[in-house]
Amino acid sequence: MWRSLWRSIDRFSLQHFKYVINELRGIKIVDKHNSLVVDLLQSIAEIVTYGDRQDPLIFECFMEYQVLAEFVRVLKISRNSRIEAPLLQYLSIMIQNMDSEHAIYYCLSNGYINSIIAHQYNFDGGDLAPYYISFLRAVSSKINRDTLCLLVRVHADVVVSFPLYSEALKFAQHGEKMIQTAVRALTLNIYNVSDDMVYQFVSIPPASKYFSDLVHSLKEQCVHLDSLVLATEGACTDQIRKELLLETDKIVDDLYYFKDILSVGESRLSEVVTQNLLNLFVFPILLPLLKLRRNDGSNLSAITSLYIVSRLLQVVGGKTIVNAVAEIVLYPFMSSLRYASEGDANNLFFNHLNNVEKLGCSDSESEGGEIINGHLIGKPVSSHSPSINCSVDDSLCRERGGILAFILSENHCLLLASLFLLFTLAGSKDVEQILASMIGLSGMQCGMDHDISASQVVDKIIFVKFMPQILNSLLKVLASEPLIPVQIQWHTVWFLQKLLVLQGKKLDDQNLQIFNTSYEQSSERFKKELDGCWFDYILDTLRNEWTSCKAALEKPSQSKDPFFILELAVCQKITDDATSAYFSWQRMVDTVKVFILHLQLKAFICKGELLEKPLLAPLSSPAGSGRTHASDLSSASFGSEISLGSGIPCRIAFSNAGIRDIYMIPLARGTSGKLLLVEKHPFRSQQGVIIAITPLAGLSPKIDEDHPTWLHLRIREFDPRLNASKTKGYNAKGLNHAAEGRWTLGFPNAKACEAARLSILEEINKQKSSVRSTLAPLLQDNSDGSDEGSCR
């Protein structure tokens, strides 16, 4: 009976919904009832969301009582954001969860949503902006061609007001990344609706200023990136690499947004975006870089410029942008053919040439080209302009060397960066055939069907006319002394392999001699590591790096991240510390990588293909050591028992345990080797307990000059297996490297000390011999069968 008197209220019932609405209507002064108003707004959002899916009567009540009008009223009579923020939040939730087209249409009609959008909010301080943008984004996610018209004001078939779009753009450059992302998602929702009047609205001033602001913001980010590159040049650390990645990620995000806009496929939208990108971004970067416009001192460095343009081509692409870049880059070569066929005014080749010569040479960014029917048309300039009318002859004037000035530069980074730009252009599906033919990477017969004769075009193909010089420059990088960082060699071999495909996998005698010299240098460095402190890891490193090196060489240019260009700019010096086990390790790994690259390039030159796996001798089962059973090595671990055999008695002082009498047992089994420190078992006279283990490699046993009974051993504290995830990639300089360890063993007399030293060296040499035997086929391999192991 008592339960019937206290029936629970169904909070999703129509009756309760009406009660909540009436409660909200009864509030005249919002600021005195903040908590109550927030609770009522939450209840309304929850009930309407439920009713949209479960009870049509609830939404009929929502319309009948004009609840959205109450939301507008509450906004108008509230005086602080403590009500505005939750109101926008619950309204966003309600709109996001609406599935009924009828409900969505109603909410967007009657001007209530526009009133809420246009309300004068105070965004100074507080966290109102995220709620407001979230609300705008929720509205944009529900618009289509039928509902978009409800949010715009039209006069004479022209959109004169679009609050959803205009108010959102005020936050386009907001400092909070989440808000920027929401604004971009909102704009793309609007662009994808395909409304003709809205396209007209967004592509003309004042709304079109959004696109120029975007490009200016992109350029500011590039300037910041350039300052970072210049400030950190030659200082390659993990932290610097992270900073560069962070900055480039921001730029790439912006480029992908431009790509998303262009992917909408609307001609007016594409034209205004492309025009801004070319006139405010591409031309101001490329024209001064290639000396087709005066440098006013505000331009980016060559390295950053080449990176940015390459990334733009990869991410944004598009026929207009790709061909505009190709025209500028190839202008010196087109210019040298100016008089080849003067009478062919309609020749496609001369159209490209004229496009560049019509570009304004003014320093002002406002003077650029127009895009008509998808083609770049520059503003006319005098045909006698000294910054344009300088034909490039075969000798290639220094000031007008264009892209070749970088390709033939002694600066390794500029060489690789400029080559990558040409590779990216030639590999683009959007580049026109005659422009691709002048680069010469995508088919040697391109350009033969155009008005200029085949012989003239072939003569000006960059990678035909200058192939020997380009290969020579790359090979000189590879063979340069002193040794350059492995990153530069890595990418140099990648370019060489790609160009050799075009060249027919052959080198002329001069370049072949340079390669053979480089190969011998690499081989000698590799052999030198066999006497280093990490020779025991060479086989594992060779196997592990082989697959990644092969995959890197086979990677196509379109999927290759040009970030390596910036990496090379800041990593031009090798940091080395001969006394550090970590840096010795890093040097060994780099040496193995470079040797693999040379092996692969040699195989490609001599056999025309890359090697699938390294040629190694099978591991043989070595005879047991005379000191103890060979099987003891594989089972040796801290605390385990082992036969003392011919262990050498000595003493060692541990900081926490004082001086202890022990036995030293060096053991080598195949390619493995360890030094065991063993304490005599208390009950078994011929057995001992292992108290310490260290690799034989790197011990460098040395007798103390002042105390001939002391034997110093260097202990590698750095363990690659424990730091595998940190040492991957080019930059692992951020590791905290432990100080080098050292053991000092004491012996009864100098003779025993010397015997112990020789015993350790004997086992180390056995281990080295086994490693060398395994590597012998690889070191002796020569792909063409010559005794010297070089290609002829």
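In the block above lies the structure referred to throughout.
Source: prediction; values computed, not measured.

Asks: It is not clear to me how the overall build of the chain should be interpreted in this structure. Could you clarify?
Replies: The secondary structure content of the chain amounts to 32 helices and 12 strands. Residue burial in the chain is summarised as follows: out of 792 residues, 54% are buried. Restricting the contact set of the chain to residue pairs at least 6 apart, pairs at least 24 apart contribute 73%. Carbon and sulfur atoms provide 50% of the accessible area of the chain, an area that totals close to 36200 Å².

Asks: I would appreciate a short explanation of the environment of leucine 507 in the present structure.
Replies: For leucine 507, the position within the fold is in the loop between helix H26 (486–503) and helix H27 (509–529). Residue class for leucine 507 comes out buried when judged on its relative accessible area of 14%. Between the alpha carbons of leucine 507 and proline 468 there is a distance of 8.3 Å; along the sequence they are 39 residues apart. Excluding anything up to four places from it in sequence, leucine 507 contacts Leu471, Leu475, Leu500, Leu512, Phe515 and Ile605.

Asks: Whenever I open this one, the pairing of strand S6 (residues 648–654) confuses me. Can you help?
Replies: A regular strand places its side chains so that they alternate between the two faces of the sheet. Pairing of S6 with strand S7 (residues 658–669) involves 7 bridges; the strand directions are antiparallel. For isoleucine 648, the partnering residue across the bridge sits in S7 and is methionine 664. The pairing of S6 with strand S12 (residues 741–746) spans 2 bridges and is antiparallel. Note that in S12 the partner of arginine 651 across the bridge is glycine 746.

Asks: Before we go on, may I ask you to explain the packing of helix H16 (residues 302–315) against helix H21 (residues 412–427) in this structure?
Replies: Each packed pair of helices is defined by two parameters, the angle between the axes and the distance between the axes. At a minimum axis distance of 9 Å, the contact between H16 and H21 shows a crossing angle of 20°. Taken together, the axes of H16 and H21 are roughly parallel relative to one another. Regarding H16 and H21, the two cross each other, and that crossing is left-handed. Residues Ala302, Ile303, Leu306, Val309, Ser310, Leu313 and Gln314 of H16 form the contact with H21, whose own contacting residues are Cys413, Leu414, Ala417, Ser418, Phe420, Leu421, Thr424 and Leu425. Its residues assigned to classes, the contact of H16 with H21 comprises 11 nonpolar, 4 polar and no charged.

Asks: Teacher, can you tell me more about the pattern of salt bridges here?
Replies: Charged atoms that come close allow side chains of opposite charge to pair. In this structure the tally under the stated criterion is 25 salt bridges. For glutamate 266, the salt bridge goes to arginine 268, with nearest N and O atoms at 3.0 Å. Its relative accessible area of 10% is what places glutamate 266 among the buried residues. When the shortest N-O distance is used, the salt bridge between glutamate 612 and lysine 550 registers 3.4 Å. With glutamate 612 in the loop between helix H30 (581–607) and helix H31 (631–635) and lysine 550 in helix H28 (residues 538–554), this residue pair connects regions lying 62 residues apart in the sequence. Among the residues examined, lysine 550 registers a relative accessible area of 11% and is labelled buried. One network of salt bridges, with partners in common, ties together Asp196, Glu266 and Arg268.

Asks: Help me understand the packing of helix H15 (residues 267–289) against H16 in this model?
Replies: At a minimum axis separation of 10 Å, H15 and H16 run at an interaxial angle of 135°. The orientation of H15 relative to H16 falls into the category oblique. Seen from above, H15 lies across H16 with left-handed handedness. Between H15 and H16, the residues in contact are Phe281, Val282, Ile285, Leu286 and Leu289 and Ala302, Ser305, Leu306, Ile308, Val309 and Leu312, respectively.

Asks: Even after reading the chapter, I still don't get the packing of aromatic side chains, so can you show me in this structure?
Replies: The way to describe two aromatic rings as a pair is by their centre distance and the angle between their planes. Evaluated as defined, the whole model comprises 30 aromatic pairs. Both rings, one in tyrosine 132 and one in phenylalanine 171, keep their centres 5.9 Å apart while their planes meet at 50°; by these two values the pair is tilted. Of this pair, tyrosine 132 sits in helix H9 (residues 128–140) while phenylalanine 171 sits in the loop between helix H10 (163–169) and helix H11 (177–191), and the two are 39 residues apart along the sequence. The two residues tyrosine 132 and phenylalanine 171 agree in class, both being buried. Of the aromatic side chains, those joined through ring pairs into one cluster are Phe162, Tyr165, Tyr191, Phe201, Tyr210 and Phe211. One cation-aromatic arrangement involves lysine 465 over phenylalanine 466; the distance from NZ or CZ to the ring centre is 5.8 Å.

Asks: Help me understand the pairing of strand S11 (residues 710–715) in this model?
Replies: Note: strand S10 (residues 702–703) against S11, 2 bridges, orientation antiparallel. What sits directly across from isoleucine 703, in S11, is leucine 711. Hairpin connection from S10 to S11: 6 residues lie between these consecutive antiparallel strands. Looking at chain direction, S11 and S12 are connected through 6 bridges and run antiparallel. The residue of S12 that forms the bridge with leucine 713 is tryptophan 743.

Asks: Looking at this model, I keep getting lost on the sheet that holds S6. Mind explaining?
Replies: Sheet strands line up and pair through hydrogen bonds in the backbone, either parallel or antiparallel. Pairing is antiparallel in the open sheet, where 8 strands are placed in the order S5-S9-S8-S7-S6-S12-S11-S10. The open sheet has two free edges, formed respectively by strand S5 (641–643) and S10, since each of these has just one partner strand. Where S5 lies against strand S9 (residues 687–695), 3 bridges are found, and the strand directions are antiparallel. Note that in S9 the partner of serine 643 across the bridge is glutamine 687.

Asks: For this particular structure, what's the right way to read H30?
Replies: An α-helical segment advances 3.6 residues per turn. Residues three or four places apart therefore align on the same side. The end-to-end C-alpha distance of H30 is 38 Å, a good match for the 39 Å that 27 residues give at a rise of 1.5 Å each. Following H30 by one or two positions, glycine 608 has its phi on the positive side, about 85°.

Asks: Please explain the environment of glutamate 763 as it appears in this structure.
Replies: Within the element layout of this structure, glutamate 763 appears in helix H32 (residues 750–780). Spatially, the C-alpha atom of glutamate 763 lies 10.0 Å from that of isoleucine 665, the residues being 98 residues apart in sequence.

Asks: How should the nonpolar core be read in this particular structure?
Replies: Formed by 243 residues in total, the largest nonpolar core has its most connected members in Phe162, Tyr165, Tyr191 and Phe463. Of all the elements, H30 adds the most residues to this core, at 14 residues. Not counting the four nearest positions on each side in its chain, phenylalanine 162 is found in contact with Leu148, Leu151, Val152, Ile190, Val198 and Phe201. In this structure, Ile642, Leu644, Leu667 and Ile690 belong to the second largest nonpolar core, which totals 8 residues.

Asks: It is not clear to me how the side chain of serine 305 should be interpreted in this structure. Could you clarify?
Replies: Tracing the sequence through the fold places serine 305 in helix H16. With relative accessibility at 1%, the residue serine 305 sits in the buried group. In this structure serine 305 touches Ile285, Leu289 and Leu300, once residues within four positions along its chain are discounted.

Each value, and the rule that gives it
- Residues numbered from 1 in each chain as written.
- Predicted model: local features only at pLDDT ≥ 70, side-chain atom pairs only at ≥ 80, totals over all residues.
- Heavy atoms only, no water.
- Helix = DSSP H or I, 4+ residues; strand = E, 2+ residues; numbered from the N terminus.
- Buried < 20%, exposed > 50% of the residue type's maximum accessible area, 1.4 Å probe, protein only.
- Contact = heavy atoms within 4.5 Å.
- Areas by Shrake-Rupley, 256 points an atom, 1.4 Å probe, with all protein chains shown as cover.
- Pairing = 2+ DSSP bridges.
- Axes fitted to C-alpha atoms, helices over the stretch in contact; angles between N-to-C directions.
- Parallel < 35°, antiparallel > 145°, perpendicular 65-115°, else oblique.
- Left-handed = near helix turned anticlockwise from the far one by under 90°.
- Nonpolar A, V, L, I, M, F, W, Y, C, P; charged D, E, K, R; others polar.
- Salt bridge = Lys/Arg side-chain N within 4 Å of Asp/Glu carboxyl O.
- Phe/Tyr/Trp six-rings, centres within 6.5 Å; stacked < 30°, edge-to-face > 60°.
- Lys NZ or Arg CZ within 6 Å of the ring centre and 35° of its normal.
- Expected span 1.5 Å × (residues − 1).
- Core = buried A, V, L, I, M, F, W, Y, C linked by side-chain atoms within 4.5 Å.

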